[in-house]
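A structural walkthrough
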Amino acid sequence: MAEELKLFRTWSSVFALRIVWALKIKGVEYETIFEDLSNKSPSLLQYNPVHKKVPVLVHNGKPIAESLVILEYIDETWRETPLLPEDPYERAMARFWAKFGDDKVLTSIFWGVFLKEGKEQEEAMVEAMEHLQFLEDELKGKTFFGGERIGFVDLALGWLANMISIFEEVAGLKMVDEDKFPLLAAWMQEFADSPIIKDNWPPRDKLIAKFQALRDAKLAAAASK
Amino acid sequence: MATSDVKLLGAWPSPFALRVHIALNIKSIDYECLEENLLAKSQLLLQSNPVHKKIPVLIHHDKPICESLAIVQYIDEAWSSAPSILPSDPYDRAVARFWAAYIDDKWFPWLNGVANAQGAEAKKAALDQVREGLVVLEEAFGKCSKGKDFFSGDRIGYVDIALGCFLRWVYVAEKRNDVKLLVEDKMPGLAAWANKFCEDGAVKDVMPDKDELLEFANMILEARAKLNASSNN
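Quick look at the structure, then. (Residues numbered from 1 in each chain as written. Chains lettered and ligands numbered in written order. Predicted model: local features only at pLDDT ≥ 70, side-chain atom pairs only at ≥ 80, totals over all residues. Heavy atoms only, no water.)

With that out of the way, let us pick up the overall build of chain A. In terms of helices and strands, chain A carries 10 helices and four strands. Radius of gyration (C-alpha) of chain A: 18 Å, near the 17 Å computed for a compact globule of 225 residues. In terms of principal-axis extent, the alpha carbons of chain A reach across some 55 × 45 × 30 Å. Across the 225 residues of chain A, 55% fall into the buried class. (Helix = DSSP H or I, 4+ residues; strand = E, 2+ residues; numbered from the N terminus. Rg over C-alpha atoms; globule rule 2.2 N^0.38 Å. Buried < 20%, exposed > 50% of the residue type's maximum accessible area, 1.4 Å probe, protein only.)

It is worth spelling out the sheet that holds strand β4 (residues 63–66) of chain B at this point. In any sheet, the strands associate via hydrogen bonds between backbone groups, in a parallel or an antiparallel arrangement. All names here are of chain B. As summarised here, the arrangement of the four strands in space is β2-β1-β3-β4, forming an open sheet in which the pairing is mixed. Looking at strand neighbours, the two that pair on one side only are β2 (32–35) and β4, the edges of this open sheet. Taken over all neighbouring pairs, the strand axes of this sheet differ in orientation by 20 degrees on average, direction set aside. Sitting on the sheet, helix α1 (residues 15–26) touches β1 (6–10), β2 and β3 (57–60), and the angle it makes with β1 is about 155 degrees. (Pairing = 2+ DSSP bridges. Axes fitted to C-alpha atoms, helices over the stretch in contact; angles between N-to-C directions. Contact = heavy atoms within 4.5 Å.)

Judged by nonpolar contacts, the single largest core of 83 residues is most densely connected at I109, L135, L184 and W187 of chain A. Per-element tally for this core: the top contributor is helix α4 (residues 88–114) of chain A, with 11 residues. Sequence-distant contacts of L184 of chain A, that is, excluding residues within four places in its chain, are made with L132, L135, E136, L139, F145 and V176 of chain A. Membership of the second largest hydrophobic core comes to 79 residues, among which are A65 of chain A together with L8, L182 and L190 of chain B. (Core = buried A, V, L, I, M, F, W, Y, C linked by side-chain atoms within 4.5 Å.)

This structure, assessed with the given rule, holds 24 salt bridges over all chains. Residue E76 of chain A is joined to R93 of chain B by a salt bridge in which the shortest nitrogen-to-oxygen separation is 2.9 Å. Here E76 of chain A, found in helix α3 (residues 67–77), pairs with R93 of chain B, found in helix α4 (residues 90–116), and the two come from separate chains. Exposure class is identical for E76 of chain A and R93 of chain B. Each is buried. Close ionic contact of D103 of chain A with K99 of chain A constitutes a salt bridge, the shortest N to O distance being 2.7 Å. (Salt bridge = Lys/Arg side-chain N within 4 Å of Asp/Glu carboxyl O.)

With that settled, consider the packing of α4 of chain B against helix α7 (residues 167–177) of chain B. Residue and element names in this part refer to chain B. Where α4 meets α7, the closest approach of the two axes is 10 Å, and the angle between their N-to-C directions is 30 degrees. As α4 packs across α7, the resulting crossing turns out to be left-handed. Contacts between α4 and α7 pair W107, L111 and V114 from the former with W169, V170, A173 and N177 from the latter. Class assignment of the residues belonging to the contact of α4 with α7 gives a composition of six nonpolar, one polar and no charged. (Left-handed = near helix turned anticlockwise from the far one by under 90°. Nonpolar A, V, L, I, M, F, W, Y, C, P; charged D, E, K, R; others polar.)

In this section: the packing of aromatic side chains. Residues and elements named next belong to chain B. Evaluated as defined, the whole model comprises 29 aromatic pairs over all chains. With 5.6 Å between their ring centres and 80 degrees between their planes, F16 and F166 make a pair best called edge-to-face. Remark: F166 occurs in the loop between α6 (158–164) and α7 and F16 occurs in helix α1; sequence separation between them is 150 residues. Take F16: its relative accessible area is 22%, and that puts it in the partly exposed class. (Phe/Tyr/Trp six-rings, centres within 6.5 Å; stacked < 30°, edge-to-face > 60°.)

Axes are the key here: two packed helices are described by the angle between their axes and the distance separating the axes. Orientation of α4 of chain A relative to helix α3 (residues 68–78) of chain B, taken along the N-to-C sense of each, is 165 degrees, at an axis distance of 9 Å. Compared by their axis directions, α4 of chain A and α3 of chain B come out roughly antiparallel. Crossing angle aside, the handedness with which α4 of chain A passes α3 of chain B is right-handed. Listed contacts from α3 of chain B to P88, Y89, R91, A92 and R95 of chain A of α4 of chain A are A70, Q73, Y74, E77 and A78 of chain B. The residue inventory of the contact of α4 of chain A with α3 of chain B, partitioned by class, reads six nonpolar, one polar and three charged. (Parallel < 35°, antiparallel > 145°, perpendicular 65-115°, else oblique.)

On the surface, K104 of chain A together with K41, K53 and K54 of chain B cluster together into a positively charged patch. Topologically, K53 of chain B is positioned in the loop between α2 (43–48) and β3. (Patch = residues over 30% accessible without salt bridge, like charges linked within 9 Å, V, L, I, M, F, W, Y side chains within 5 Å. Areas by Shrake-Rupley, 256 points an atom, 1.4 Å probe, with all protein chains shown as cover. Lys, Arg positive; Asp, Glu negative; His and termini not counted. Charge placed at Lys NZ, Arg CZ, Asp CG, Glu CD.)

A word on the environment of G172 of chain A. Residue and element names in this part refer to chain A. Looking at where G172 falls in the secondary structure, it is placed in the loop between α7 (159–171) and α8 (182–193). On the basis of relative accessibility, which here comes to 63%, the residue G172 falls in the exposed class. Separated by 119 residues in the primary sequence, G172 and K53 place their C-alpha atoms 30 Å from one another.

What follows deals with the pairing of strand β3 (residues 56–59) of chain A. Residue and element names in this part refer to chain A. With burial as the criterion, each face of β3 is covered, one bearing V56 and V58 and the other bearing L57 and H59. Two strands pair when backbone bridges link them, and β3 and strand β4 (residues 62–65) are joined in this way by four bridges, in the antiparallel orientation. Bridging from a neighbouring strand, V56 pairs with A65 of β4. Counted along the chain from β3 to the antiparallel partner β4, the turn is two residues long, and its residue N60 has a positive phi close to 50 degrees.

By themselves these figures say nothing about function.
See the structure below:
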């Protein structure tokens with residue numbers, strides 16, 4: 001049976017990139033549909049009426065939304081090169097860390113440090129450092145969060161590998177100091193250099209421009225209050 | 001299989017701990033329940049969940065598992081004999097996980113927001129948002145249940161647990177604000193589901209008592225209001 005697999009994404013969404021990486025790691029063919037979020041397609045609205053966001057994976061006409069949910073679906077549907085471990089305890093740990101990444105790390109680094117300034121930024125930085133320390137500790141004795149090769153948690157946290165340097169350049173401060181977080185810095189390099197990851201990353205100059213504009217707009221809005 | 005080495009660190013008012021109680025009951029697992037005082041957390045809790053220092057924590061063979069939905073999935077996978085909590089088909093599992101994420105990431109923060117809303121207008125807006133979320137969940141119920149009693153079909157499952165754990169807190173919000181949130185004519189499916197869920201064998205003995213929870217909520221919310229008032233002076 002001909003499989004029909006479509007991925008709705010934007011050029012920059014780190015959440016959508018998780019799905020690109022997962023599908024490529026598993027060697028699964030798919031069609032990409034790029035969305036303009038200021039002008040969402042009727043298809044996107046039909047496939048993700050609840051959130052109206054990317055990524056959405058549509059498999060034989062059936063839509064799946066929410067990137068971590070999509071990753072698990074991909075892992076259960078295409079069984080080669082597993083992303084999640086087999087052992088239930090290890091799987092629970094993987095789900096824990098992926099959720100920690102989205103709920104805490106992303107929040108403190110992006111919404112807290114990157115999009116703020118002054119005292120608010122300083123406070124967010126303290127929190128972000130605590131969160132990064134947990135990740136540093138979790139990497140002890142491992143190359144990747146998944147162990148010897150890239151797994152679920154690496155894909156969930158993968159945005160750190162490239163976005164941190166972009167945030168650091170735009171905001172003008174250091175977030176992941178190699179001296180403070182040697183394992184995390186090493187992981188970021190390993191992950192970014194991995195064959196599939198490095199060939200599937202949005203252009204740096206476009207990302208810098210986008211996030212510079214985003215930060216400028218956010219800070220201006222906050223200042224005008 | 002030895003089940004005496006299953007401990008749940010919880011707190012009776014917590015809807016998140018309730019999820020784990022229900023999951024353990026579905027699988028008929030014997031477990032030791034350790035009630036935490038959230039104002040004076042035990043060493044065991046702090047050691048078992050150093051990242052968040054929160055309940056629930058499931059400790060199985062001395063290994064801690066944290067985050068209620070990760071724990072529920074762990075229970076389903078570690079005790080893989082029937083009854084299942086998640087469906088077996090990958091697409092159905094993705095739909096179940098999607099709705100659990102919606103409940104945790106969107107709907108529960110709205111429910112929580114009711115208590116935090118200051119002033120009549122903000123309260124009304126917060127309550128309206130909770131109701132709107134329930135309308136979305138009513139539609140989800142229709143699609144998932146396919147005419148049966150629960151989101152999962154004939155027996156309670158993942159989404160039932162994810163949402164059902166909040167029913168007593170919905171009651172608390174209704175009573176404290178003198179409104180109806182689970183409106184029968186707008187959400188007939190959910191209204192019927194709520195009754196069946198609370199009556200389910202895995203749920204009814206672990207669901208907190210309505211009036212006890214209301215008393216508890218009144219106490220902590222009034223204490224919090226006093227604290228806010230005094231810190232604003």
